[in-house]
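Here are the chains, one letter per residue:
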Amino acid sequence: MHYSPVNEECPLAFNPFKACVAPRPIGWISTISRDGIDNLAPFSQFQNLSYDPPMVMIAVNQGGDEPDNVHRKDTVWNIESTGCFVYNAVPYELKDAMNITASGFAPKEDEFEKAGLHKLPSVRVPAKRVEESPIQFECEYMQTIRIPGSKAGGKGTVDLIIGKVVEIHVKDQVLLPDGKLDYKKLRLLGRAGYWDYGVMEDTFSMKVPGVSQARMAAMEGRKAKETDEGYICKA
């Protein structure tokens, strides 16, 4: 099977595009409006961009369930007007709460309350954190790249939000003695295609052959120190 999404209809009953790019991390993004109303919504087009400094991105399609109801989502308006947002990780145990926050609530409704979640104040930004989430990134808004869609009315238009991570929170109970994350305990949720999700539980390691110690340290996230022989990883 093959087809061109530029000028051909998909021959399958279900479009495979998003299903082929999986699993995708879920960006559970909390924001606050200018009026002080908290908002929480999940996005499966979420990813980290860089680690020095740490930056993340969210791709937000325009909203609207009706063909003629095209608008920018509350998350975008809040981020651009207040200059911040928070990424909250989604473990398996919070899947139902996350799913509730995916509903199309009105701008003045609080998704934290709808999903029975608790709020935590952030350290550096006004947006709240999800207390139940084991990992949270406080982010300062950097810029929006608005990607136009090809469909009439801009239905395919995407707001690509870029943020700089200014504070990282990780609960102690999901950390291993060596300082790494315990993925078996975290059980992070990943988005597949259709209505399908996956759980990250099994991992394996492969080191890139021929890479310098300094590069290895950077790729692993381990601190490096300088010696007479160059940079080596700290024990």
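This structure is a prediction, so every number in the text was calculated from the model and none was measured. (Residues numbered from 1 in each chain as written. Predicted model: local features only at pLDDT ≥ 70, side-chain atom pairs only at ≥ 80, totals over all residues. Heavy atoms only, no water.)

Undergrad: Just give me the short version of the overall build of the protein, but keep the residues and values in it.
TA: Secondary structure assignment for the protein yields six helices and 14 strands. Per-residue burial for the protein yields a buried fraction of 34% across its 235 residues. In the protein, the share of contacts with a sequence separation of at least 24, taken over all contacts with a separation of at least 6, comes to 56%. As displayed, the protein has an accessible area near 14,700 Å², and 52% of this comes from carbon and sulfur atoms. (Helix = DSSP H or I, 4+ residues; strand = E, 2+ residues; numbered from the N terminus. Buried < 20%, exposed > 50% of the residue type's maximum accessible area, 1.4 Å probe, protein only. Contact = heavy atoms within 4.5 Å. Areas by Shrake-Rupley, 256 points an atom, 1.4 Å probe, with all protein chains shown as cover.)

Undergrad: Hey, could you go over a nonpolar patch on the surface for me, with residue numbers and the actual values?
TA: On the surface, F14, Y194 and W195 cluster together into a nonpolar patch covering about 470 Å² of accessible area. Along the chain, F14 turns up in the segment before α1 (17–20). (Patch = residues over 30% accessible without salt bridge, like charges linked within 9 Å, V, L, I, M, F, W, Y side chains within 5 Å. Salt bridge = Lys/Arg side-chain N within 4 Å of Asp/Glu carboxyl O.)

Undergrad: Talk me through the environment of N48; I want residue IDs and the actual numbers.
TA: Note that N48 resides in strand β4 (residues 46–51). For N48, a relative accessible area of 48% puts it in the partly exposed group. Residues in contact with N48, not counting those within four places in the same chain, are M55 and V56.

Undergrad: Would you mind going over helix α2 (residues 74–82) in detail, with residue names and values included?
TA: Those residues of α2 lying buried are T75, V76, N78 and I79. Axial view of α2: buried residues confined to an arc of 165 degrees, hence all on one face. Buried residues in α2 make contact with β2 (27–32), β3 (38–43), β5 (54–61), β6 (84–88), β9 (135–147) and β10 (158–170). Trailing α2 by a residue or two, G83 shows a phi angle of about 80 degrees, which is positive. (Arc of directions from axis to C-beta.)

Undergrad: Requested: an account of the nonpolar core, with residues and values cited.
TA: General note: in soluble globular proteins, nonpolar side chains tend to be found buried as a group. Grouped together as the largest cluster of nonpolar side chains are 20 residues, with contacts concentrated most on I29, V56, I58, F85, Y87 and F137. Elements supplying a minimum of two residues to this core: β3, β5, α2, β6, β9 and β10. Among all residues touching I29, those that are not within four sequence positions of it are N39, L40, A41, F43, F46, I58, T75, F85, V86 and Y87. L94, A115, L117 and V130 belong to the second largest nonpolar core, which has 12 residues in total. (Core = buried A, V, L, I, M, F, W, Y, C linked by side-chain atoms within 4.5 Å.)

Undergrad: Help me get a handle on the sheet that holds strand β1 (residues 24–25), residues and values and all.
TA: Strand order in the open sheet made by the three strands is β1-β11-β12, with antiparallel pairing throughout. Where the open sheet ends on each side, the last strands, each with one partner, are β1 and β12 (197–200). Here β1 pairs with strand β11 (residues 188–191) via two bridges, running antiparallel. Pairing of P25 across the sheet is with G190, part of β11. (Pairing = 2+ DSSP bridges.)

Undergrad: Describe the sheet that holds β5, with residues and values.
TA: One open sheet accounts for seven strands, arranged β3-β2-β6-β9-β10-β5-β4; its pairing is antiparallel. The open sheet has two free edges, formed respectively by β3 and β4, since each of these has just one partner strand. Strand-to-strand twist across the sheet, computed as the mean angle between neighbouring axes with direction ignored, equals 30 degrees. Inspection of the sheet shows β2 paired to β6 by three bridges, in the antiparallel sense. Paired with W28 across the strands is N88, a residue of β6. Sitting on the sheet, α2 touches β2, β3, β5, β6, β9 and β10, and the angle it makes with β2 is about 55 degrees. (Axes fitted to C-alpha atoms, helices over the stretch in contact; angles between N-to-C directions.)

Undergrad: Which residues make up the pattern of salt bridges, and what are the values?
TA: A full pass over the atoms with the stated rule returns 13 salt bridges. Of the charged contacts in the structure, one is a salt bridge between R222 and E220, with a shortest N-O distance of 3.1 Å. Looking at E220, the relative accessible area reads 34%, which means it is partly exposed. Through salt bridges with shared partners, a single ionic network connects D38, D110, K119 and K128.

Undergrad: I'd like to hear about the pairing of β9, residue by residue, with values.
TA: Here β6 runs beside β9; their pairing, made up of five bridges, is antiparallel. Across the sheet, residue N88 finds its bridge partner in β9, namely Q136. When β9 meets β10, the two strands line up antiparallel, connected through 12 bridges. Paired with T144 across the bridge in β10 is I161.

Undergrad: Break down the pairing of β2 for me, with residues and values.
TA: When you tally the buried positions in β2, you get six out of six residues, the bulk of the element. Across the two faces of β2 the burial is the same, with G27, I29 and T31 and W28, S30 and I32 all buried. In sequence, β2 turns back onto β3 through a hairpin of five residues, with G36 there showing a positive phi of about 85 degrees.

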